[in-house]
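Residue-level structure breakdown
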Protein chains: 2
Amino acid sequence: MKYGRPSRLTAAIAIVLAACHFTWLGSEQDKSESVAAVLTNTSKPRASSSNPPWNAAVVGAGSWGTTVAKMIAMNTAKLKNWENRVNLQLIDEMVVTDEDLYKLKDALVRTNGTGVIEADSVGSRLSKIINTRHVNAKYLPRVPLPTNIVAEPDMQVAIGDADVIVLGVPDQFVKSSLSVIKHFLKPSARIIVLSKGMEFENNALVPVSEVVTRELGIDGDQVCVLIGANIAIEVAVEKFSESTLGCRRTEDLAWLKPIFEQPFFRIGAVTNVEGPQLCGALKNVIAIGKGLIAGQGASANTISALMRIGMKEMRGIISEFYDVPERVWWESCCFADVITTCLAGRNQHVAEQFARRGGKVSFEMLEAELLNGQRLQGTVTAVPVHDLLVHKRWTKKYPFFEAVYQVVATKAPPGSIFRVLETVPQSDDGL
Amino acid sequence: MKYGRPSRLTAAIAIVLAACHFTWLGSEQDKSESVAAVLTNTSKPRASSSNPPWNAAVVGAGSWGTTVAKMIAMNTAKLKNWENRVNLQLIDEMVVTDEDLYKLKDALVRTNGTGVIEADSVGSRLSKIINTRHVNAKYLPRVPLPTNIVAEPDMQVAIGDADVIVLGVPDQFVKSSLSVIKHFLKPSARIIVLSKGMEFENNALVPVSEVVTRELGIDGDQVCVLIGANIAIEVAVEKFSESTLGCRRTEDLAWLKPIFEQPFFRIGAVTNVEGPQLCGALKNVIAIGKGLIAGQGASANTISALMRIGMKEMRGIISEFYDVPERVWWESCCFADVITTCLAGRNQHVAEQFARRGGKVSFEMLEAELLNGQRLQGTVTAVPVHDLLVHKRWTKKYPFFEAVYQVVATKAPPGSIFRVLETVPQSDDGL
């Protein structure tokens, strides 16, 4: 494959950027538009989708997708009923690693005159790095991966035989990935959603699992979630944490839990998929509120009161739409994720700075200054939540979520959060 | 009243100590041993104990008792059905304030020769300071108190007319206070317990409310609790926080909530008294565990997992003995208090240092070094909890609480907490 004539300037930039894993976003993704038949499945799937050995695959090789693939591969290497190999489907980016820098210099010398560089001579395909050096140099550097993870750009090859497909792509790529997955999906396969995203449709909260079910045209029972208070790199280096596996069917929980669980990554299993996903999305709004009061000097007891109120409103809002069993709120996906996100996440961090600077520097500017390319989630989520509360006339019922919106999206001062906390309804037994 | 001949040395010491509120622990407490009749009440109390105007009193003028008295007095000054005056019963210590230092110097000059000092001339009674300067100079300095708080050393005068008595004495003085209160209690009065203490009797957890009920020989419905994620000085200076009022009867909640609630001190009302008290005691063990792993560099997601596991075991242990309604766990007394104590309390602080120093400096020594006279609670509570778990054969059922005991009371290394977290049973739906 040939790229156009690079100027010396471009080459110089490439060398500079290489240190931070400069990437040519490849167009190698095989979208297989020629596949004619769209597989559909309207019959109820069986508890375990086919006869063993079963096969597991992961779609999306970001830090979290790769980390989950690592845990699955550690397990399938030992479990008798599972195929050893775990395919990791990825966009096969060209990555210029430190090693490649030497090659790049050589290439520049060689091509000086023709102005054409062979792409393969100046970088490495991410799939090749994973399959030969067993490390995801771009998204999870320095973490050795099990050798039974096989990076595979071709979706059909990657998931065609999979009984379980872990969907690990970023939220904004979920729909486009599904449009490809759809063509190659085994009718009985289970999809495990890792996304904490959420959509708003017709004034209702719609978890990603619902979008997956609809886009793939499969039964809702086939779509499960794995969501918890997890920071990818911490789990990848085997720091203890917990997560929550949600499947509508108990048989699926029993079947799937063993491929995810590790001593350092304990899995709580629940027969609910909406609670974990929606907590995962809404908790970021609580974290914004926490940052806002922390930035104004709130002490631990005020912060814990805010977290309590935020958790209560979050449960309330979710319960308006879905029947979530009580114990789901106590799992890693809800209780622990609220704590983690309020203690250490990017949302609380930026919101704290926003309050410290008196609300005079916009969230957009702080995001650019403080997050190194990452995006805030709570400020984005607060907006459709507000629209929903207004439409349903719930702004008085959930005043804390509304107050966060007023600060992030209108000109309400950060201090207004305190006044709202003072008027939040308490739930009193029988009063 | 005359004290014995003070040497010049004693006087000098008194002057030095005055800066930190030197106190003669008075023997002025009128224990009224001559009161013959012990009032007993075996009939069911009415919902509100008598006709208005009702009277509220607080026993114990420490920082928290005084803070609660402040909130009650702010309310009774406005509420039509309540007497304005709020008696604050206290041990009438002699306090040497900065002001008194001048008097002390005068007194030394005057008595030089006789060697006898009039006690009143070298210090001030705490009651007099509160009643004239409207500040608790010893236990809540610099916080202006409402003028309708009346400090009163005489128990009979203080509580004889009270329909509500807030019990705000330190845990170790609860029983001795009850033995006095008992003689002057209105038969229909309600007691509001502030204590987060707990006793272990016959291998069961016994909340302080139970001790109060028994010692006073009153009906269990008359004993209520006010417990939350509260730091006295923060509430006293009106920083926003929440608390939980627990009464067995809904009528009592409706009757009593208005005398405690403030915009900066919101009250959740529950018809349960055991849950709040036992969370208040057991949460300190969770905080010790948190400090132990934080001191070994645990990150936010490991810490939130530990808090989740701790909360789950705490609920489990309490539920073995008492039927606590689900929503109590979400109130300030449980959910928020666990967070506050794990974020900022003394227990997590000392435990963190214990781990940082590799377990080589004992908790007793760290307590002396770091707590400025305060005592650790979690290390003390862990011991009878362990005895209970052993006796009931629950050490495998509640491994986290057991693991904390092993570190604080035996020679188990702080790192053992991590290994235990990896083996804690997860509660899986239907598995």
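Just so it is clear, the structure is predicted and the values come from calculations on it, not from any experiment. (Residues numbered from 1 in each chain as written. Chains lettered and ligands numbered in written order. Predicted model: local features only at pLDDT ≥ 70, side-chain atom pairs only at ≥ 80, totals over all residues.)

Focus on the overall build of chain A
For clarity, the cut-off: Think of it this way: any DSSP run of H or I at least four residues long counts as a helix, any run of E at least two long counts as a strand, and we number them from the N terminus. Counting other C-beta atoms within 10 Å of each residue's C-beta, where C-beta atoms are placed from the backbone, gives the exposure class: buried for 20 or more, exposed for 12 or fewer, partly exposed between. Any residue pair is listed as a contact if its two C-beta atoms, each placed from the backbone, are within 7 Å.
Within chain A one finds 18 helices and 13 strands. Relative to its 431 residues, chain A shows a buried fraction of 49%. Contacts spanning at least 24 positions in sequence make up 74% of the contacts within chain A whose residues lie at least 6 apart.

Notes on the pairing of strand β7 (residues 164-167) of chain A
All names here are of chain A. Rules: Two strands qualify as a pair provided that DSSP identifies no fewer than 2 bridges between them. Looking down the strands as they point away from you, a crossover is right-handed if its path from the first strand over the helix to the second goes clockwise.
Of the two faces of β7, the one carrying V164 and V166 and the one carrying I165 and L167 are both buried. With four bridges joining them, strand β2 (residues 54-59) and β7 adopt parallel strand pairing. Following the sheet pairing, A57 is matched in β7 by I165. When β7 meets strand β8 (residues 190-193), the two strands line up parallel, connected through four bridges. By the bridge assignment for β8, I165 is matched with I191. Viewed along the sheet, the connection from β7 through helix α7 (residues 174-184) into β8 turns out right-handed.

With respect to the relation of the copies chain B and chain A
Our working definition: The atoms used to superpose the copies are C-alpha atoms, taken from residues with pLDDT of at least 70 in both, and the fit is least squares.
Its rotation angle being 180 degrees, the transformation that places chain B on chain A also includes 0.0 Å of axial translation and leaves an RMSD of 0.1 Å. Between the two chains, the operation in question is that of a two-fold axis.

Section: the interface of chain B and chain A
Filter applied, for reference: Polar here means any residue outside two lists: the nonpolar Ala, Val, Leu, Ile, Met, Phe, Trp, Tyr, Cys and Pro, and the charged Asp, Glu, Lys and Arg; Gly therefore counts as polar.
Taken residue by residue, the interface counts 47 residues in chain B and 47 residues in chain A. Breaking the side of chain B that touches chain A down by element, the ones donating at least two residues are β12 (241-246), α10 (250-260), β13 (265-270), α12 (300-321), α13 (332-344) and α18 (416-421) of chain B. The element contributing the most residues to the side of chain B that touches chain A is α12(B), with eight residues. Of the residues belonging to the side of chain B that touches chain A, the class tally is 22 nonpolar, 14 polar and eleven charged.

A look at the environment of L140(A)
Residue and element names in this part refer to chain A. With respect to the helices and strands, the residue L140 is situated in the loop between α5 (126-133) and β6 (149-152). Taking the C-alpha atoms as reference points, L140 and A61, 79 residues apart in sequence, are found 8.9 Å from one another. The residues contacting L140, other than those within four sequence positions of it, are S63, T66, T67 and A236.

Thoughts on the pairing of β8(A)
Consecutive side chains along a regular strand alternate between the two faces of the sheet. Residues and elements named next belong to chain A. Alternating residues of β8 divide into R190 and I192 and I191 and V193, and every residue in both groups is buried. Note: β8 against strand β11 (residues 223-227), three bridges, orientation parallel. Bridge pairing links I192 to C224 in β11.

Section: the nonpolar core
Our working definition: Buried Ala, Val, Leu, Ile, Met, Phe, Trp, Tyr and Cys residues whose C-beta atoms connect them within 7 Å together make up a nonpolar core.
Counting residues in hydrophobic clusters, the biggest one holds 257 residues, and the most contacted among them are I165(A) and I165(B). Those residues in contact with I165(A) that lie beyond four places of it in its chain are A57(A), V59(A), I159(A), I181(A), A189(A) and I191(A).

Examining the sheet that holds strand β3 (residues 82-89) of chain B
Across a sheet, strands are paired by hydrogen bonds formed along the backbone, either parallel or antiparallel in direction. All names here are of chain B. Just so we agree on the cut-off: Think of each axis as a best-fit line through the C-alpha atoms, taken over the contacting stretch in the case of a helix, with angles from 0 to 180 degrees between the N-to-C directions.
The mixed open sheet is built from eight strands, whose spatial order is β6-β3-β2-β7-β8-β11-β12-β13. What marks the edges here is a single partner per strand, and that holds for β6 (149-152) and β13. Strand-to-strand twist across the sheet, computed as the mean angle between neighbouring axes with direction ignored, equals 25 degrees.

Focus: the domain arrangement of chain A
All names here are of chain A. The condition is simple: In this entry, domain limits derive from an automatic or database-based domain assignment.
Partitioning chain A into domains gives domain 1 (18-31 + 38-271) and domain 2 (282-421). At the junction of the two partners, domain 1 supplies twelve residues and domain 2 supplies 15 residues. Those elements that provide at least two residues to the side of domain 1 that touches domain 2 are β10 (204-207), β12 (241-246) and β13 (265-270).

Examining helix α16 (residues 378-391) of chain A
All names here are of chain A. Rule in force here: One less than the number of residues in a helix, times 1.5 Å, gives the span that helix is expected to have. The directions from the helix axis to the C-beta atoms form the arc being described.
The end-to-end C-alpha distance of α16, which contains 14 residues, comes to 20 Å, matching closely the 20 Å that a straight helix rising 1.5 Å per residue would cover. For α16, every residue scored as buried is listed here: G378, T379, T381, A382, V385, H386, L388 and L389. Along α16, the residues classed as buried sweep out an arc of 165 degrees about the axis, all on the same side. Here the buried face of α16 lies against β9 (198-201), α11 (274-294), α14 (346-356), α15 (363-370) and α17 (399-409).

Here's the deal with the sheet that holds β13(A)
All names here are of chain A. What the eight strands build is an open sheet, ordered β6-β3-β2-β7-β8-β11-β12-β13; its pairing is mixed. Edge positions in the sheet fall to β6 and β13, since each of these pairs with one other strand and no more. Sheet twist, expressed as the mean angle between neighbouring strand axes with direction ignored, is 25 degrees. Sheet contacts for α5: β3 (82-89) and β6; angle to β6, the most-contacted strand, approximately 165 degrees.

Description of unusual backbone geometry
For residues other than glycine, phi is negative in most cases, and the peptide bonds are mostly trans. Cis geometry is found at the peptide bond from P52(A) to P53(A), where omega equals 0 degrees. Locating P53(A) in the fold gives a position in the loop between β1 (23-24) and β2. In the Ramachandran plot, R142(B) falls in the positive-phi region, its phi being about 70 degrees despite a non-glycine side chain. Take R142(B): it is sitting in the loop between α5 (126-133) and β6. The phi dihedral of N203(B) is positive, around 55 degrees, even though this residue is not glycine. Residue N203(B) is classed as partly exposed on the basis of its C-beta count, with 13 C-beta atoms lying within 10 Å.

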